[in-house]
Amino acid sequence: WAGMDPATTSKSNHCLDAAKACNLNDNCKRLRSGYISTCSRELSATEPCSRRKCHKALRQFFDRVPGEFTFRLLFCSCKDPACAERRRQTIVPSCSYEDKDKPNCLDLRGACRADHLCRSRLADFHTNCQATFQSLTSCPGDNFQACLGSYAGLIGFDITPNYVDASTTSITISPWCSCKGSGNMEEECEKFLRDFTENPCLRNAIQAFGNGTDVNLAPKNPNPAVTVLPKVEKSPMLPDDVNDSNTAYDTSVISTCTSLQEQGLKPNKSKEQSLCYSQAQLTTDVMPDQKTFMDPKAGSSQQRESRILLLIPILI
């Protein structure tokens, strides 16, 4: 990080401009300095940093700082290797990303699924960055913003993705893992890895943000998924005052259902179940103080009974 001297960069270094913009915002500057310091602090000759503390500081930065600053740091466009290297170093990869050996990608995925918050955000990534041929941009609903937000939400976990090199001609994103030693699961492992390395939605979203062509493409609010109640909006990243548990009271409600479906599990007969109905199963009448849905037929019979009771005094 210290080696990236501004004098060695070109005049059109958008990544350097993004760092300067962050330094002009007190909150962005404080939290960015905090994670850089934590992730760069050497503990011993054999332990270059505290990976756990580094990841925690990174999550705080990307959760608490608005996307207008974080997205510019992560997805700035580059025309020379010095700029691209600065972009790659945004998350201090020597601590937060790289390790002595590359673990198997399915092991990383399994560890992520075992964590409430990581599982939720990985499900968001698969939902919002899933490549589709039904849109002009290869992204669901042409929503670049949702894909980039889901990508940023993965930073600060063992599955943290990053640029694999400082190339300016092609963008390749990957977690720090490989599919060596996958055995009969190699095909599944490669498929999971390609969700990052060969994902046209993610690549197009990053390139469009960097060159400014994403304007007016991404709607302000993503379309609600069919697995949640109407009017429930999904936030790409959990706010800091929300517990890390995946319950009905979390803001990332979509992830509860998506992650359960991804693992082939059925929701519990509790809060999760009421969130995982399809819209076709829901009626428009939902009582605010009840967790069950009103039966339209039952409602009409109750109305008939009330009208009969009102007519009795008139007849008498």
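As the structure is a computational prediction, the values presented were derived from the model and not from experiment.

Attention shifts here to the packing of aromatic side chains. One pass over the structure, following the stated rule, counts 9 aromatic pairs. One aromatic cluster in this structure is built from Phe71, Phe75, Tyr151 and Phe209. The ring centre of phenylalanine 157 lies 5.1 Å from the NZ or CZ of arginine 59, which sits over that ring. Sitting above the plane of the phenylalanine 192 ring, arginine 109 keeps its charged end 5.7 Å from the centroid.

With that settled, consider the pattern of salt bridges. With the rule as written, the count across this model stands at 5 salt bridges. Here aspartate 158 ties to arginine 51 by a salt bridge, and the two come within 3.9 Å at their closest N and O atoms. One end of the pair, aspartate 158, is in the loop between helix H9 (144-153) and strand E1 (161-163); the other, arginine 51, is in helix H3 (residues 51-64), and 107 residues separate them in sequence. Of the residues examined, aspartate 158 reaches a relative accessible area of 43% and is grouped as partly exposed. Residue arginine 88 is joined to glutamate 85 by a salt bridge in which the shortest nitrogen-to-oxygen separation is 3.1 Å.

Attention shifts here to the packing of helix H4 (residues 67-75) against H9. Where H4 meets H9, the closest approach of the two axes is 11 Å, and the angle between their N-to-C directions is 80 degrees. Considering their axes alone, H4 and H9 lie roughly perpendicular with respect to each other. Counted together, Phe71, Leu74 and Phe75 of H4 and Gln145, Leu148, Gly149, Tyr151 and Ala152 of H9 form the full contact between these two elements.

Take the nonpolar core next. In terms of nonpolar packing, the biggest core is built from 58 residues, with Tyr35, Leu58, Phe61, Phe62, Phe75, Ile159 and Ile206 touching the most fellow members. Cys15, Cys78, Cys83 and Ala84 belong to the second-largest nonpolar core, a separate cluster that totals 5 residues.

Turning our attention to H3. Residue pairs three or four apart in sequence face the same way in an α-helix, which turns once every 3.6 residues. Between its first and last C-alpha, H3 extends 20 Å over 14 residues, near the 20 Å set by a 1.5 Å rise per residue. Within H3, the full set of buried residues consists of Cys54, His55, Ala57, Leu58, Phe61 and Phe62. Projected down its long axis, H3 shows its buried positions confined to an angular sector of 165 degrees, all on one face. In the core, the buried residues of H3 are packed alongside helix H1 (14-23), helix H2 (26-40), H4, helix H6 (93-96) and H9.

What counts, and at which threshold
Residues numbered from 1 in each chain as written. Predicted model: local features only at pLDDT ≥ 70, side-chain atom pairs only at ≥ 80, totals over all residues. Heavy atoms only, no water. Phe/Tyr/Trp six-rings, centres within 6.5 Å; stacked < 30°, edge-to-face > 60°. Lys NZ or Arg CZ within 6 Å of the ring centre and 35° of its normal. Salt bridge = Lys/Arg side-chain N within 4 Å of Asp/Glu carboxyl O. Helix = DSSP H or I, 4+ residues; strand = E, 2+ residues; numbered from the N terminus. Buried < 20%, exposed > 50% of the residue type's maximum accessible area, 1.4 Å probe, protein only. Axes fitted to C-alpha atoms, helices over the stretch in contact; angles between N-to-C directions. Parallel < 35°, antiparallel > 145°, perpendicular 65-115°, else oblique. Contact = heavy atoms within 4.5 Å. Core = buried A, V, L, I, M, F, W, Y, C linked by side-chain atoms within 4.5 Å. Expected span 1.5 Å × (residues − 1). Arc of directions from axis to C-beta.

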